[in-house]
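So the chains spell out like this:
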Protein chains: 4
Amino acid sequence: MSSNSTGKLFTVTTFGESHGPAIGCVIDGCPPGLPISEEEFRQDLDRRATGKSRHTSQRREADEVEILSGVYEGRTTGTPIALLIRNTDQRSKDYGDIASTFRPGHADYTYWHKYGIRDPRGGGRSSARETTMRVAAAVIAKKWLAERHGVRVRGYLAQIGEIAPAGFDWSAVEQNPFFWPDAAQVPELEKYMDALRKSGDSVGARVNVVADGVPPGWGEPIYGKLDGDLASALMSINAVKGVEIGDGFAAVGQRGSQHRDEMHLDGFTSNHAGGILGGISTGQAVVASVALKPTSSILIPGRSVNLAGEPVEVVTKGRHDPCVGIRATPIAEAMMALVLMDHALRHRAQCGDVGEVAPRIT
Amino acid sequence: MSSNSTGKLFTVTTFGESHGPAIGCVIDGCPPGLPISEEEFRQDLDRRATGKSRHTSQRREADEVEILSGVYEGRTTGTPIALLIRNTDQRSKDYGDIASTFRPGHADYTYWHKYGIRDPRGGGRSSARETTMRVAAAVIAKKWLAERHGVRVRGYLAQIGEIAPAGFDWSAVEQNPFFWPDAAQVPELEKYMDALRKSGDSVGARVNVVADGVPPGWGEPIYGKLDGDLASALMSINAVKGVEIGDGFAAVGQRGSQHRDEMHLDGFTSNHAGGILGGISTGQAVVASVALKPTSSILIPGRSVNLAGEPVEVVTKGRHDPCVGIRATPIAEAMMALVLMDHALRHRAQCGDVGEVAPRIT
Amino acid sequence: MSSNSTGKLFTVTTFGESHGPAIGCVIDGCPPGLPISEEEFRQDLDRRATGKSRHTSQRREADEVEILSGVYEGRTTGTPIALLIRNTDQRSKDYGDIASTFRPGHADYTYWHKYGIRDPRGGGRSSARETTMRVAAAVIAKKWLAERHGVRVRGYLAQIGEIAPAGFDWSAVEQNPFFWPDAAQVPELEKYMDALRKSGDSVGARVNVVADGVPPGWGEPIYGKLDGDLASALMSINAVKGVEIGDGFAAVGQRGSQHRDEMHLDGFTSNHAGGILGGISTGQAVVASVALKPTSSILIPGRSVNLAGEPVEVVTKGRHDPCVGIRATPIAEAMMALVLMDHALRHRAQCGDVGEVAPRIT
Amino acid sequence: MSSNSTGKLFTVTTFGESHGPAIGCVIDGCPPGLPISEEEFRQDLDRRATGKSRHTSQRREADEVEILSGVYEGRTTGTPIALLIRNTDQRSKDYGDIASTFRPGHADYTYWHKYGIRDPRGGGRSSARETTMRVAAAVIAKKWLAERHGVRVRGYLAQIGEIAPAGFDWSAVEQNPFFWPDAAQVPELEKYMDALRKSGDSVGARVNVVADGVPPGWGEPIYGKLDGDLASALMSINAVKGVEIGDGFAAVGQRGSQHRDEMHLDGFTSNHAGGILGGISTGQAVVASVALKPTSSILIPGRSVNLAGEPVEVVTKGRHDPCVGIRATPIAEAMMALVLMDHALRHRAQCGDVGEVAPRIT
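Values in this document were obtained by computation on a predicted structure and should not be read as measured data. Within every chain, residues take consecutive numbers counted from 1 along the sequence as written. Written order determines the labels here, with chains lettered from A and ligands numbered from 1. The model is predicted, so local features are restricted to residues of pLDDT at least 70 and side-chain atom pairs to those at 80 or more, both for listing and for counting; the totals for chains, interfaces and linings are taken over all residues. With hydrogens and water excluded, all non-hydrogen atoms of the structure serve as input to the side-chain values.

1. Some details on the interface of chain C and chain A
Turning to step 1, where the next piece is worked out: Note on contacts: a residue pair qualifies if any of its non-hydrogen atoms lie within 4.5 Å across the two residues. Contacts between the two partners involve 14 residues from chain C and, on the opposite side, 14 residues from chain A.
Turning to step 2, where the next piece is worked out: Throughout, the accessible surface (probe 1.4 Å) given up by two parts as they are put together, summed over both, is called the buried area. With both sides pooled, the region where chain C packs onto chain A buries about 1200 Å², and carbon together with sulfur makes up 54% of that total.
Turning to step 3, where the next piece is worked out: Take a side-chain nitrogen of Lys or Arg and a carboxyl oxygen of Asp or Glu: if they are within 4 Å of each other, that pair is a salt bridge. Where chain C meets chain A, there are zero salt bridges.
Turning to step 4, where the next piece is worked out: Polar contacts, as used here, are pairs of N or O atoms within 3.5 Å; protein pairs need one atom able to donate a hydrogen and one able to accept it. Residues neighboring in sequence count only if both atoms are side-chain atoms. Counting across the interface, chain C meets chain A through nine residue pairs in polar contact (both at pLDDT 80 or more).
Turning to step 5, where the next piece is worked out: All residues other than Ala, Val, Leu, Ile, Met, Phe, Trp, Tyr, Cys, Pro, Asp, Glu, Lys and Arg, Gly among them, are scored as polar; the first ten of these are nonpolar and the last four charged. Across the side of chain C that touches chain A, the residue classes tally to seven nonpolar, four polar and three charged.

2. Things to note about the packing of helix α6 (residues 226-235) of chain A against helix α8 (residues 324-351) of chain A
Residue and element names in this part refer to chain A.
Turning to step 1, where the next piece is worked out: With axes taken as lines fitted to C-alpha atoms, and helix axes fitted only over the stretch in contact, angles between N-to-C directions fall between 0 and 180 degrees. For the purposes of this entry, the term helix denotes a DSSP run of H or I that reaches at least four residues, the term strand denotes a run of E that reaches at least two, and both are numbered from the N terminus. As a packed pair, α6 and α8 sit with axes 9 Å apart at the nearest point and diverge in direction by 145°. The way α6 lies across α8 gives a crossing that is right-handed. Contacts between α6 and α8 involve Leu226, Asp229, Leu230, Ala233 and Leu234 from the former and Ala332, Met335, Met336, Val339, Leu340, His343 and Arg346 from the latter.
Turning to step 2, where the next piece is worked out: Looking at the contact of α6 with α8 residue by residue, the class counts come to nine nonpolar, one polar and two charged. Crossing chirality is assigned from the near helix's rotation relative to the far helix, an anticlockwise turn below a right angle marking it left-handed and a clockwise turn marking it right-handed.

3. Concerning the sheet that holds strand β4 (residues 66-67) of chain B
Note: strands within a sheet are paired through backbone hydrogen bonds, in either parallel or antiparallel orientation.
Residue and element names in this part refer to chain B.
Turning to step 1, where the next piece is worked out: By definition, two strands form a pair when at least two bridges between them are found by DSSP. Sheet architecture is open: five strands sit in the order β1-β2-β3-β7-β4, paired in antiparallel fashion. Single-partner strands in this sheet number two, and they are β1 (5-6) and β4.
Turning to step 2, where the next piece is worked out: The pairing of β4 with strand β7 (residues 81-86) spans two bridges and is classified as antiparallel. Bridge pairing in β7 links glutamate 66 to leucine 84.
Turning to step 3, where the next piece is worked out: Lying on the sheet, helix α3 (residues 131-149) is in contact with β2 (11-15), β3 (22-28) and β7; it crosses β3 at an angle near 35°.

4. Concerning the pairing of strand β15 (residues 286-292) of chain A
All names here are of chain A.
Turning to step 1, where the next piece is worked out: Most of β15 sits inside the fold, with six of its seven residues counted as buried.
Turning to step 2, where the next piece is worked out: Direction of pairing for strand β9 (residues 205-212) relative to β15: antiparallel, over a ladder of seven bridges. Among the inter-strand pairings, valine 210 is bridged to a residue of β15, identified as valine 287.
Turning to step 3, where the next piece is worked out: When strand β10 (residues 240-245) meets β15, the two strands line up antiparallel, connected through five bridges. Among the inter-strand pairings, valine 240 is bridged to a residue of β15, identified as leucine 292. In this scheme, a residue with accessible area under 20% of its type's maximum is buried, one over 50% is exposed, and one in between is partly exposed, where area comes from a 1.4 Å probe on protein chains only.

Written out as structure tokens, the structure is:
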């Protein structure tokens, strides 16, 4: 399978460079008969889009999705769904001067060593531009999961630099440009980000993603575990350096008597496991958290080398996010939705559309 | 591909239940001509084995590996290498009373909901017994990586409960039953573990794994990233709840000017990235860290439900590790070795056995 | 995916050399709850077994299947089912003299060029001994297909050298050692085979396989077509040089008005298509035919070269079938059953356990 | 892996319906640095194109390939290469009347039963329009195979209805619209086709494909055999009902002494095997042959049923080929090239870019 594909049965293959003619994806394995239209992609793409606020990169693209195949009279036909977005705001001149330099902390150096050639325009294939298509593909997955299983996947920003949410309210998340769950902190965040941008630096972030409504039984031992696939899918997002399921690294300091989620007839008493045991969903909320590094595209000069083997000093110009973690929220949601969709189909393949087989608690 | 298989080109498929007749694996895609004998599996299997010290589970198995295929006159032939270990110390009576109860924090409940049937003997397929074959398969990967590329994969216990290493010395790691990098702390750890066992409780741990000698260029964008595959492989280990590459979650609080690894002609100045940028190795050490939860198999009673839908209280008897994280060290090494081996072959497939294409720093 | 694995969801991985310690397979993706016992493998393995009559190779093996995993209290659990057969009748001395010679028409030469090393004992991995595990794995597939969908897969010998069946009767097929559908011709075949064996030569054959009861809708466009997967699966059988679906090569000389299968309310008027259109089953019988070459293991000397680069003359001693096509009948059935099983699960994954959506004719 | 993808390492994913907005493909795993331009696709697409002569369908499309990604400054970068062709000549009104009828011999009926929905415009996904992208993708494979290994893949029409070539000359093949290897027969073929078109009927054909220059060692046992993958790839072409390797079905009537290819120091004495033994290339020409059925789109009325479950009579109007086999020649070449390319990379992955290991004859 192509390394630009993800999913065993609900398979998404993406293509395209940041400043090439277009980006796109091919989604295969979608159940037939699902209603879908080009308009339905807009909301999530807008959530992910650059230029949403002054706190994210100022690249502005229409990001109009064209459905090239797999949909007939507004419904999926079961054949591959190809989506295309033309790159309209390419400004390749912004990047012309970095073709011969390896920017520290970027994939420039590794792509060069792997392939002996690289597309330097906007980071080429390594740009987060690629994640647009993940979000687009996940629009279809989210819709099917919601309609068929009542599953809802939502994310929020759980930390930015040293600031963590003081309170938590899902309804706040979509009301501010930070996907922040505490509306009262938004002014503080705006001030923080303004200062950061002025300093020319960037900062890391943590994003949490939660899927409600996942039935027990999704996921497969041993190398097809739901948490294993989530880990891979989330780690594949640009700038992600860590993935946790449930309590994650906090479990290192816990006792077994504290971590295990006891079961009562009316439900689990806790969810330290993050909704997954033995790689299979428990029926509780599936909870994951990712760490995003501070982007390396900053105005503060950094030392590096160039193609000629000489030492150079690099300053990244152009449009860049001081905190890529903000826009990562819909991307992390997308990856969780894609993984769940894939496992829903995988479970149905092996075990059928079975009813309850054991006392189910929630 | 089977969900009990891992690796795209160096493919390992495992089978077997904890208390079934045997466990085993089939390794495919191994380069031909590699010398291998049954004796070579002993060292790493002993490192992983239960009963190594009083601090780990007392299950004692010979764990004699039989090579069933793929090796002729002491060398791999390029055909599938099947390895078999008979289960000799099964004691299934220890587990007889849990067949109708869902132990809290175990996969009992999820396997039941997925399949409608489960093998309750020793945890069946969800037992860490399966990881024996990962370690066995990785013996071959480690050997090839070392001989062909000079790659060395090593792990150590980086935290146990609230205790972290005070000093660091690779040579200490193999000299104590905890894979602990500071010999001076071993008496403290022994006391800690003895107290824990007496309390009937368990504790979490952190394991770090480091691969030296990995050349730049291994790994593939986008869904075949080296860190993505490592995340999946490490998360698939029993009890793992979190995976970090390089600085991991510490990056959340960092600035870009602090995180990016600057490059000089004589090397990188730091390794916050953990040896991977854009999903591809940089030529620095590849560094990963995993969080292991405290096992749920403890002597302290916990509340649960049974198959009949009644509330029950569960106490886990039998042999169990108070800290599964200790024995996870060779398993984590194994998973990193398997991922690196797979990517070495994948890189050679697409890019050939190329020499240097760009100024390489280390 | 390993090249020693077949099937996307019902995945069979085989291992083992002809004269190594054992052969075996790992079956993954099997639906849980299917009753299966070691005794159930005997019938099909006997049908495939060597030494069944004087017309096939005289190697005699017990071929006792041991179930190593994936079955608990007589039912599949959904985890990998490993099957093992020890090689008991190895007689490696028979083959000792061919280690340094490339037998004409064998895989000796190609394995050597690929791997630079080969296991010469009995053909090693390239021996038809491997197909034993295909037949074993298909016992499970056949049972599930029959119980769940009423599908029955049957094969017969449709030509041997220049002799074709004069009549056709399914009930005759299992009553003679040739799987021949016309009982009256059996004496003629016996005489033919006796003469052939005396001449020291071998002969080709054609095997037909038919699956009844396959519902319409199995198979996937474009590269997952049911006929594409059948072609691959059947061509993978040792000695097969051609595969036909339905009319196969006879279609070359047909007119469209003659080939197309017209539809009436009470069914199709013909089955030139062999039950597959556009890669998807029509609901008619799925019909395939394979050509098997005459084995190259004959007593008539042939010219070849050896490892030292010298010309040599080769005579194959030992036990060999004058017509490998005879024993290929249960193997071809097995491969069709494995492909159908895989597609049954794949169809359920994407399209669910749906009822009728269109007027169905048979 | 998506069923609309083919190839393990050189992976081609196609998308698009006959009368949708566009068709396209994503090619992944291509070695970096290969020069490629949009102009290079023209020749093979023209060879495949409809409307090339009066003997093929009159659909006329520009079939202009746009490279959307994976190529930078005229060279492949190692990232996915997306190719797009807009459908410009759709004429969907031609097909409007068949939306509610199942045409006999078409995929209408099977797609409907599988998905419960189908795109009836021009056959939707089941149209041979899809093969355009196979030919386009294979342009890249052919170029790499030629430059790197000196492999050349060529096909020709080996039978049309009852007419077989009287003579054979590769140089004639590209000089007539039938890919016919005997120039002297072209007038006869033209008359034959004219009569066929007047009769409103269609006819079957046989296409042969030959790859010269394939080194020994490509292909993998057991389910990744070179002939197994060729069988699947060739059978996946629209209208193909049979695949042969080397002597194919002629081997049924042969003796072992006749079929086996003896080896001398200066080469094989024959090539009955078609260049493949044990699933691995011998170093001789790889030879395959396919049978194509007569298309079901004919002017002669046929009986069928419609969506309402009523008997109907169907006449196919619109543009159709009286012999789809003619245009299948470049498509069959394309599939062989894709399979060889994939196996070249797979071989390099496991066995490296090794030199000669044994006396090689040709």
